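A structural walkthrough
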Amino acid sequence: MPIRKAVAADLTGIQNLLLANGLPAQDVSGALIEGFLVAEDARGTIVGSGGLEQLGSSVLLRSLAVTPELRGTGIARELVAQLECHARSLGRQEIWLLTATAERFFERVGYERVSRDEAPREVRLCRQFAALCPATAACMRKRLPPNPLPDADGRLESS
Ligand SMILES: CC(C)(COP(=O)(O)OP(=O)(O)OC[C@H]1O[C@@H](n2cnc3c(N)ncnc32)[C@H](O)[C@@H]1OP(=O)(O)O)[C@@H](O)C(=O)NCCC(=O)NCCS
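This report concerns the structure included in the present document. Treat the numbers as computed from the prediction; the structure is a model and nothing was measured.

For the protein chain, the helix and strand inventory stands at five helices and seven strands. Contacts spanning at least 24 positions in sequence make up 66% of the contacts within the protein chain whose residues lie at least 6 apart.

See the structure below:
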């Protein structure tokens, strides 16, 4: 399933996908989706989404959804992997998220549940933490490996 960066014309498709999968969409705007990726089927329908929201020096993974017919095929895992790659390229060393519905999935892809108090202030104060998700939702974090540094010849480490 091809995954690509979201463009402005994807806004309605992303919002529809989120609403159909029980996720908040009211604050998903044209500016926010600049940090989103989408998976698109052969007919051009958006069947998967996920995004990074920059919050000061922190980054929140949000709006991860895959249409029910295509779940279990690895789309979300790939979306998360590409978003993590992007976060690393921005120099971020950890990603935060809040989920009321997908804690097991995120554990599977390397996130650990932590107390909300451990989240940086800008994350705790963001709209999603403050209002969009219930207080019982799991706060999760993944520490990212640092980006490979170029060696003396300018080549990147292979790991
Ligand atoms: C959570 C969600 C995005 C997962 O999408 P998906 O495309 O089915 O996930 P993948 O196929 O990439 O699964 C990757 C791995 O996680 C596992 N997994 C997927 N959903 C899971 C779940 N709900 N519980 C436990 N494991 C899960 C898969 O078995 C797979 O494991 P494997 O690679 O070791 O076999 C999808 O279920 C969804 O859209 N849910 C509704 C919206 C939602 O709750 N989003 C989270 C908001 S924060």
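For the largest pocket, the calculated volume is near 710 Å³. Counting only elements with at least two residues in the lining of the largest pocket, the list comes to β4 (58–66), α2 (75–89), β5 (94–99), α3 (103–108) and α5 (127–132). Top contributing element to the lining of the largest pocket by residue count: β4, with six residues. By residue class, the composition of the lining of the largest pocket is 19 nonpolar, nine polar and four charged.

Most of β5 is tucked away, with five of its six residues classed as buried. For β5 and strand β7 (residues 138–143), the ladder comprises six bridges, and the chain directions are antiparallel. Residue pairing across strands places L97 opposite M140, the latter belonging to β7.

Every one of the 20 residues lining the ligand counts as a neighbour, but L64, G72, G74, R77 and T101 are closest to it. One nitrogen or oxygen atom from the main chain of L64 is found 2.7 Å from a nitrogen atom belonging to the ligand. Surface burial for the ligand is 73%, taken as the share of its 910 Å² of free accessible area covered by protein chains. More than half of the atoms belonging to the ligand lie within 2 Å of the grid points that define the largest pocket.

Now for the side chain of S58. With respect to the helices and strands, S58 occurs in strand β4. You can call S58 buried: its relative accessible area is 7%.

What follows covers the nonpolar core. Formed by 23 residues in total, the largest nonpolar core has its most connected members in L52, L61, L64, V80, I95, F106 and Y111. Sorting the residues of this core by element identifies β2 (36–40), β3 (46–55), β4, α2, β5 and β7 as the ones contributing at least two each. Among the elements that make up this core, the one with the highest residue count is α2 (six residues). Beyond its immediate stretch of four places on either side in the chain, I95 contacts L52, V59, L61, E84, A87, Y111, M140, R141, K142 and L144.

This paragraph deals with the state of the cysteines. For the structure shown, the criterion picks out zero disulfides. Residue C139 stays outside any disulfide, its sulfur separated by 9.6 Å from that of C126, the closest cysteine. Of the residues examined, C139 reaches a relative accessible area of 2% and is grouped as buried.

About the thresholds
- Residues numbered from 1 in each chain as written.
- Predicted model: local features only at pLDDT ≥ 70, side-chain atom pairs only at ≥ 80, totals over all residues.
- Heavy atoms only, no water.
- Helix = DSSP H or I, 4+ residues; strand = E, 2+ residues; numbered from the N terminus.
- Contact = heavy atoms within 4.5 Å.
- 1 Å grid on protein atoms, 1.4 Å probe; cavity = no way out; pocket = protein on both sides within 12 Å on 5 of 7 lines; lining within 4 Å.
- Points joined across faces, edges and corners; volume = space filled by probe spheres on them.
- Nonpolar A, V, L, I, M, F, W, Y, C, P; charged D, E, K, R; others polar.
- Buried < 20%, exposed > 50% of the residue type's maximum accessible area, 1.4 Å probe, protein only.
- Pairing = 2+ DSSP bridges.
- Near = heavy atom within 4 Å.
- Polar contact = N/O pair within 3.5 Å; in protein donor to acceptor, adjacent residues only side chain to side chain.
- Areas by Shrake-Rupley, 256 points an atom, 1.4 Å probe, with all protein chains shown as cover.
- Sits in = over half its atoms within 2 Å of the grid points.
- Core = buried A, V, L, I, M, F, W, Y, C linked by side-chain atoms within 4.5 Å.
- Disulfide = S-S within 2.5 Å.

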